[in-house]
Amino acid sequence: MSALGDELAAKIASDGPITLERYMELALAHPDHGYYMNRDPFGAAGDFTTAPEISQMYGELLGLWAGEVWASMGRPNPLRVIELGPGRGTLMSDALRAARIVPDFRAALDVTLVEISPTLANIQYEALVTCGAPVAWAASLAEVPEGPSIILANEFLDALPVRQFVRRGGRWRERVVRLDAGGRLAFDLAKEPEPYLKVDADEGAVLEVSAAGHRFMFELGARLVRSGGAALFVDYGHGVTGFGETLQALRAHRYADPLVDPGEADITAHVDFAAMARSARASGATVYGPTDQGDFLRALGIDMRTQALAERAPERADEFSAARRRLVGKGDGEMGALFKAMVVANRSVPAPPGFQPYSAKPA
Ligand code: SAH
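My aim in this report is to walk through the structure given alongside it, one point at a time. (Residues numbered from 1 in each chain as written. Predicted model: local features only at pLDDT ≥ 70, side-chain atom pairs only at ≥ 80, totals over all residues. Heavy atoms only, no water.)

**As for a nonpolar patch on the surface**
On the surface, a cluster of nonpolar side chains totalling about 280 Å² of accessible area is made up of Tyr-125, Val-129 and Trp-137. Structurally, the position occupied by Val-129 is in the loop between α7 (118-128) and β4 (135-138). Taking the relative accessible area as the measure of exposure, Val-129 reaches 46% and is therefore partly exposed. (Patch = residues over 30% accessible without salt bridge, like charges linked within 9 Å, V, L, I, M, F, W, Y side chains within 5 Å. Areas by Shrake-Rupley, 256 points an atom, 1.4 Å probe, with all protein chains shown as cover. Salt bridge = Lys/Arg side-chain N within 4 Å of Asp/Glu carboxyl O. Helix = DSSP H or I, 4+ residues; strand = E, 2+ residues; numbered from the N terminus. Buried < 20%, exposed > 50% of the residue type's maximum accessible area, 1.4 Å probe, protein only.)

Spelled out as structure tokens, the structure:
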């Protein structure tokens, strides 16, 4: 087993099972052995690829999107641009380059990257050291000074730990991780059923809840209500809350067993956008979307951008058009429908580019 697997097995042997939520949190963010803490997981040599790593167009379009949102906020100066979970720093680097065509916006912005991994923070530093904008790092959003902000988060919410409850014998029990007879990590259910979960469901149904996501969205919404601005979340997930489990582990671009070698595979869960929107609204913020990533990027002009890049570098035209298709296509292996974009904003911010004005669903 991995170093973290040995540590968890020893802890479970002495203290008893841990919740799936705690397991996921440690597998990703244990200070010494967490998956993100000491590696660069992205790209062909890593475990997965993300939209900003697929094409420069992604960060460029988001940078111009931020410039338009800034204008709709009344052009505050300074504007804090905050990225949550910036990976290699690619998105921010592309966004800042594109933002040069809006000089007043570029001059107003002050960048903060919220990152828990010291390894990735170093890679982000290298990517941004020559960008010309002031850049600072923080370990959590709460540490970032308040003020009018635009917040960007690509594949951030899917890394927040989830709880799972399983319907068994007419009661809901939380999924936990224990040791099997051979001393290996194995799933089990908590002995005590959840007394407050009353929702009815078929035997075996699974309810997946991101308690950490709910807390995070409420705090983020409250911050935007207090000090102004908007936050864009792009992630894979669903727009309607329902039953079912989506936890998955990825290692070297293949699905892996989430309980084998914790700390060595990326573990994520689909984002329940409807649930995240409820928490954001409960804080007094307004929510736009979610909308499909493909529709969002097309509204932002990815087709024109693909063409412009191809005209400038004809030898790379196929590469640009393949990247565009991967980002906006809605077929198998394409991201356009699987990924969704959602904005949480102060009520004074009008519908941002790519989103319809908010209207409550008719009863
Ligand atoms: N946005 C990047 C990386 C996505 S991977 C991209 O799209 O390429 C998730 C990122 O979030 C990593 O940088 C990881 O280290 C960071 N991260 C995970 N949990 C976090 C947390 N609780 N707070 C801040 N950053 C976190």
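**A short note on empty space enclosed by the protein**
Using the criterion set out here, one finds one cavity of 30 Å³ or more in the structure. Its volume calculated, the largest cavity comes out at about 50 Å³. Gly-63, Ala-66, Val-81, Met-92, Ala-95, Leu-96, Ala-99, Phe-105, Leu-109 and Leu-152 together form the lining of the largest cavity. Listing elements by their share of the lining of the largest cavity, those giving two or more residues are α4 (56-72) and α5 (90-98). Top contributing element to the lining of the largest cavity by residue count: α5, with three residues. Of the residues in the lining of the largest cavity, the class split is nine nonpolar, one polar and no charged. (1 Å grid on protein atoms, 1.4 Å probe; cavity = no way out; pocket = protein on both sides within 12 Å on 5 of 7 lines; lining within 4 Å. Points joined across faces, edges and corners; volume = space filled by probe spheres on them. Nonpolar A, V, L, I, M, F, W, Y, C, P; charged D, E, K, R; others polar.)

**Details of the environment of Gly-221**
When you line up the elements, Gly-221 lands in helix α8 (residues 211-227). C-alpha of Gly-221 to C-alpha of Leu-259: the two residues are 38 residues apart in sequence and 34 Å apart in space. With residues near it in sequence (within four places) discarded, Gly-221 still touches Ser-283, Ala-285 and Val-344. (Contact = heavy atoms within 4.5 Å.)

**What about the site of the ligand?**
Around the ligand, 15 residues are found, and the nearest of them are Thr-50, Gly-85, Gly-87, Glu-115 and Asn-154. Within the backbone of Gly-87, an N or O atom sits 3.1 Å from an oxygen atom of the ligand. Note that an oxygen atom of the ligand is positioned 2.5 Å from one of the side-chain N or O atoms of Glu-115. Burial of the ligand by the surrounding chains reaches 92%, relative to a free accessible area of 570 Å². (Near = heavy atom within 4 Å. Polar contact = N/O pair within 3.5 Å; in protein donor to acceptor, adjacent residues only side chain to side chain.)

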